[in-house]
Amino acid sequence: MGKFDLFNKFNNAVVVLNENKETVFTNHVFKRIFTDYENIRKFSHKLYYDVCALVSNDVTVHSPIIQALNSPQDFSAHVMYQTYTNDYYYFDMNSTKRGKYTVIILTDVTAKVNLANLQKKILTLKTKANFLEEENKNMAKIQLQAQSQAMKLYLLNNISNIIRESIDTSVILKSALNELKEMFGAFKGYYAKSNNDNSFTIIESLTPTNINKKISYEADINERISTGKLSCVTCRKEFHQAEPFKENVQRIILPIFHLNQKLGIIVLLTKQKVKLDDTLEVLIGVSSQLGNAIIQSELYKKNAVMVKNLTKTLKELKETQLQLINSEKMASLGQLVAGVAHEINTPVASIKSNNEIAKKILTRMDNNEDISLLQEINNIDSEAIQRINRLVVSLRKFVRLDEAELQDADINKEIDLTLDLIRHEIKNRIEVVKNYGDIPPVKCYPNMLNQVFMNILVNAAHAIKDKGTITIDTKYKNNNLTVKIKDDGCGIKEPEKIFDAGYTTKGVGVGTGLGLAISQKIIEKHKGKIKVKTKLNKGSEFDITIPSG
């Protein structure tokens, strides 16, 4: 047994060097670990300090083997060995002097070092994981805040859009209640307008059964509402007079103000836990917008009512103006016709008397040729006198001013009367086709209807430029009188305006635009209807229906 064989029993690698720094012994562990070992010089190049703080150009100071060999005393170091495959192993190196020999023991601590390094990495990873976890928590908070802010902006934007798109208070309030219901998970919500006695009346609700219910609250809640402060409390009662719930609920009361005017409150009931700090800003925004919207809606309604009343008044004034114009026109025409008739009657009476005298004288004359000529002249004069008399009678009938009450009238005869008066408009130019039905006496204002017939017939005659036809149909069915007057004239360009006062298709100074407007009012006075069908260059048809039962 050699003197160094004892080292073969060591679990650590051992190398023994003589005073000439020559290797004299390596134990089994050393040989197993350092299989490529040749000599101590090459070996020293592969063994390094794990950490060496010395800065020197002398390479020997960086070699733990050389330091151990040169050191007169025992030497210890933590070293690192690099294999030919560039793997690294770690050893605790201890050298001791035994006479002329230097014994170097290398204890493998690679696993320990790797474990320490791994633990450091784990610690670093844990630190990083904790940091990332904290970052994630912060990001989650930021995300929740962003979601909350987005929800607030979304809610405000929705309510703003609703307010812009609608002026209906009911639509605005119901939409706002639905948005708030989603936001707070409310199972009940409504808007109650403020009364003068610190009470409120529900006027808009997500549950219609609450409408018009009067509610009130305790003094402290009333104080918060009056000062415009939000209220969010856990309670068992919806309001002062209500039956208690079976479990506690969250009750949110949002006052709605416009400037300093208390308009009402929005009430929400939810079973969710509510933090007003998260929603205070959005609720204040909702309150402000709803306050403005409610006032604007009320102003719009007042303006709409005012416009409606003014429109109605203007319409009544126009109708009154038309009636006054028509009455004045008919009164003036009546006075004129009465005067003209009186003036005509006097010379006509004289002519008639002379005509009768001439007729008697003719019976005493002997010259047959002269008698025949004079009799023919006398007959012509007699027909002319009768024509004048009929015309005067027609004029007097047309402008009857004593018909303030309904009278029975033969409509067919009234139309004929009108045709007599406008004979000069249609004579030798327009053919009048009469399709008269069997019409019983109809209760009406005859002079007014004559005025309607005259307006339509004269317009029809004017619409026919050269020659043409006017067709008149009368019918009585189911207690309704129907009169249709049709022409084959030029038609009407804008039939929808034909009954508007002031609208005329005639030239300046020819038409006033009042004839058909007055005609429509006269038919409406008879509780009837007047319609027109027209086609350019084809003609027009007026359809008059009057109930008479």
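Use the structure listed above.
Residues numbered from 1 in each chain as written. Predicted model: local features only at pLDDT ≥ 70, side-chain atom pairs only at ≥ 80, totals over all residues. Heavy atoms only, no water.

A. Molecular detail of the packing of aromatic side chains. Taken as a whole and assessed by the stated rule, the structure comprises 16 aromatic pairs. Centre to centre, the rings of Phe-499 and Phe-542 are 6.5 Å apart; their planes meet at 85°, and the pair counts as edge-to-face. Of the two residues, Phe-499 sits in the loop between β17 (480-487) and α12 (515-525) while Phe-542 sits in strand β19 (residues 539-547), which places them 43 residues apart along the sequence. Side by side, Phe-499 and Phe-542 carry an identical accessibility label, which is buried. Among the aromatic residues, those joined into a cluster by ring pairs are Phe-30, Phe-34, Tyr-37, Phe-43, Tyr-81 and Phe-91. For the cation-ring pair, Lys-271 lies above Phe-187, with the distance from its terminal atom to the ring centre recorded as 5.7 Å. Directly above the aromatic system of Tyr-445 lies the positively charged group of Lys-525, at a separation of 5.1 Å from the ring centroid. (Phe/Tyr/Trp six-rings, centres within 6.5 Å; stacked < 30°, edge-to-face > 60°. Helix = DSSP H or I, 4+ residues; strand = E, 2+ residues; numbered from the N terminus. Buried < 20%, exposed > 50% of the residue type's maximum accessible area, 1.4 Å probe, protein only. Lys NZ or Arg CZ within 6 Å of the ring centre and 35° of its normal.)

B. Representation of the packing of helix α9 (residues 411-421) against helix α11 (residues 446-463). Where α9 contacts α11, the two axes come as close as 9 Å, and the packing angle between them is 50°. Judged by the angle between their axes, α9 and α11 are oblique. Handedness of the α9/α11 crossing: right-handed. Contact residues: Ile-411, Glu-414, Ile-415, Leu-417, Thr-418, Leu-419 and Leu-421 in α9; Pro-446, Leu-449, Asn-450, Phe-453, Met-454 and Leu-457 in α11. For the contact of α9 with α11, the residue count by class is 10 nonpolar, 2 polar and 1 charged. (Axes fitted to C-alpha atoms, helices over the stretch in contact; angles between N-to-C directions. Parallel < 35°, antiparallel > 145°, perpendicular 65-115°, else oblique. Left-handed = near helix turned anticlockwise from the far one by under 90°. Contact = heavy atoms within 4.5 Å. Nonpolar A, V, L, I, M, F, W, Y, C, P; charged D, E, K, R; others polar.)

C. The arrangement of the packing of α11 against α12 in detail. In the contact formed by α11 and α12, the axes pass within 9 Å of each other and the chain directions differ by 145°. Considering how the two elements wind past one another, α11 and α12 form a crossing that is left-handed. Of the residues in α12, those in contact with Met-448, Leu-449, Gln-451, Val-452, Asn-455, Ile-456 and Asn-459 of α11 are Gly-515, Leu-516, Ile-518, Ser-519, Ile-522, Ile-523 and Lys-525. Considering only residue class, the contact of α11 with α12 consists of 8 nonpolar, 5 polar and 1 charged.

D. Molecular detail of the side chain of Thr-102. Inspection of the secondary structure assignment puts Thr-102 in strand β6 (residues 101-108). With a relative accessible area of 5%, Thr-102 lands in the buried category. Of the polar contacts made by the side chain of Thr-102, one reaches the side chain of Lys-97; its length is 3.0 Å. Excluding its chain neighbours within four sequence positions, the residues that come into contact with Thr-102 are Val-15, Val-16, Leu-17, Ala-68, Leu-69, Ser-95, Thr-96 and Lys-97. (Polar contact = N/O pair within 3.5 Å; in protein donor to acceptor, adjacent residues only side chain to side chain.)

The values reported here are purely geometric and, on their own, carry no functional implication.
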